[in-house]
Each structure stands twice: as structure tokens, then as C-alpha cells.
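# Per-entry structural report
So the chains spell out like this:
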Amino acid sequence: MRVWERIIRCLGIVTVAVFIIIALTPAGNAVGRRFGVASGQLKRADAIVVLGAGVMPNGVLSEQSMRRAIAGIALFRRDMAPLIVLSGPGRPDGVNPSEAGVRAKLAIAMGIPPGSILMEETAKTTREEAIHIANTLRPRDATRVLLVTDSLHMRRALRVFERSGLHVQPAVSDDYASSAVSPGDRLWLAMRICQESAALVYYKIAGYI
Amino acid sequence: MGLTELIFIAALVGATTLAAFAATKALSPPAAAGSILQALRALLDWAGMFAIFLAANLMLGAAVILMIRALTPRFVALYTLENLLMLILSAAQAFVFQAWWRCE
């Protein structure tokens, strides 16, 4: 057996072992809980910022986008801030309203006054969201924000928003690390952790955080 | 997933494996069947190849996307790589490559 054949087989053993550990044991959940950020005791802020997570071609919010939007709207309804910023660009085809537009409609339908809603429709990355939203909020003297995103995305989002000069309290929209119990959900959780770890490294190298 | 569900799914897979084994022996016995150990080794080789192809596809994809972002005004999200098709094609790529390599 040649050396590289041996290497491929060893890699195969590792791959199968990692797959079994991730899918069938709570190891991934433990890593997810350490990696993710939890909400602390939330204090009233100047604005609630709900980060984008995608809209489907038919104009329906993605599951994550909907979860974040509902969490932000719930915070507003608890009177945690007088303003809510809904983020999310339109799709490249430009046929349907932007993610922020769809969320604003939902927020109005759930009783939020249109005058309390700000939309960020141009930012395509978390960093752009931080820069654009900070520029929108600064002239309004709104520097203390409740940042709404999912627990795994929060670590990067928190750093990049703090870097843009805002005082941020994390308000997570899920606790995926605890709720992922089926093998499929655990594999998705592991994939998200890898993805966010790579994004953190990229942001660090690029000097964004 | 509870232990009961895990046992249930393992039992299903075990049952269909035994059925396939029995049916093949009865209906179309192979001229020279290999051992189960050989088949498991082939599975490990495939898993190793799959890991290599998946990593290579993801790294190349990320590099191409970052280049498009840097060199053109077009924005392509890195989330494009978060696609089930990537997993399926990497698995198929590993299977075909392994079969070709073994036949050589």
C-alpha cells in the first residue's frame, strides 16, 4: 500500500469518526454553546437592530430572517427601544421588495408604528450592515443598540458593530446549540460553527474586527 | 435523537442489508465476491476522498468568490458555497475518482 493510499484511508477513518461524533453525540452542542453568544440581562437602548438573513425569490423571508425579525419585533413590543432598524437587501433580480421591506410590512402588521421603523436595504455583508447602520443611527444620537441575530453569528456581528462605534447588547434570536438534537440538525450546527469560524478568521485577517 | 430511534434506524438498515445479501445470493450470485472487510476499506477510502474533494471545492470556491469581489463590482455571497449540491457532487466526485483509480 502506497503512502498516500494510507493517508487517504486514515483521513477516511477520521471523517467517519467525526461524522459519528457530530451526528450522534451532544459534542457539537457543547462546542456550539461555547462558540455562540447568549443574551444577557437586556437594558433599554436607543434602537433595536435586526440583521438580515435572506429572502427567497418569491419574497418570503428565510426561516432565520423570520426568526430574527420576530425577536426584534418582540423586543420593540416590550418597549426596549423607540426605534427598530430592519436590515436586508433586495435580491439581485430586483423583482420583489427587499428583505428589509418584507420585514417592515410584517412589523407594521404586528402593530409597530411606521415612524419607528428604519430600513437598511443596501448592505450585503455583516460589516456593511455595521457601517451603514452606524451612519444612520449616529445623527439621531442613537448609539446604544440591541443587536438581534442568531447566537452563532453574534460573536462576529458584535465585534464588527462595536468597531463601528456603537454600544451593543446582544439579543439572540435562537438557542440553536441547545435545540439541535436530531443528527441532521447537529450536522447543520457543525457546518454553521465551521462557517462562522472561517468568517471570523477572514474578518480578523482583513482587519474588520 | 433517542437511543430507541437510533436502534430503530440501525435495525432498518441491518434488515435491508441482510435482505439484499440473501436476495443476491439466491437470484444472482456474484462470480467472485469480495469480503465485507474489503468493502469497508473501500468505504473508508471513499470517505477520505470525499473529505479531500469537499475541502478542495470549498477552498477553490471561496478563492474564486473573493477574487470576483476584489476584481469586479459584482457581489457574490460566500454563503453560495453553503449548498447541499456541493456535498452531493463532492461525494459523487470521490466515488467516480475512486472507481477509476481502483480500475487503473
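Scroll up to find the structure.
Residues numbered from 1 in each chain as written. Chains lettered and ligands numbered in written order. Predicted model: local features only at pLDDT ≥ 70, side-chain atom pairs only at ≥ 80, totals over all residues. Heavy atoms only, no water.

## Some thoughts on the pattern of salt bridges
Residues and elements named next belong to chain A.
- For the structure on display, the rule yields eleven salt bridges over all chains.
- Its salt-bridge partner being Glu5, residue Arg2 comes within 3.0 Å of it at the nearest N-O pair.
- Across the pair Asp79 and Arg44 runs a salt bridge, and its minimum N-O distance is 3.2 Å. Taken as a pair, Asp79 in the loop between α3 (63–77) and β2 (84–87) and Arg44 in the loop between α2 (27–35) and β1 (47–50) lie far apart in primary sequence, 35 residues in all.
- Taken together, the shared-partner salt bridges in this structure form one network comprising Arg68, Asp150, Arg156, Arg192 and Glu196. (Salt bridge = Lys/Arg side-chain N within 4 Å of Asp/Glu carboxyl O. Helix = DSSP H or I, 4+ residues; strand = E, 2+ residues; numbered from the N terminus.)

## Looking at the interface of chain B and chain A
- The interface of chain B with chain A comprises 17 residues on the first partner and 23 residues on the second.
- Roughly 1,700 Å² of surface becomes buried between chain B and chain A when both sides are summed, with 69% attributable to carbon and sulfur atoms.
- Where chain B packs against chain A, one counts one salt bridge.
- The salt bridge involving A:Arg9 is made with B:Asp45; its shortest N-O contact spans 2.9 Å.
- If you look at where chain B meets chain A, you find three residue pairs in polar contact (both at pLDDT 80 or more).
- Secondary structure elements with two or more residues in the side of chain B that touches chain A: α2 (36–71) and α3 (84–103) of chain B.
- It is α2(B) that provides the largest number of residues to the side of chain B that touches chain A, a total of ten residues. (Contact = heavy atoms within 4.5 Å. Buried area = accessible area lost by both parts, 1.4 Å probe. Polar contact = N/O pair within 3.5 Å; in protein donor to acceptor, adjacent residues only side chain to side chain.)

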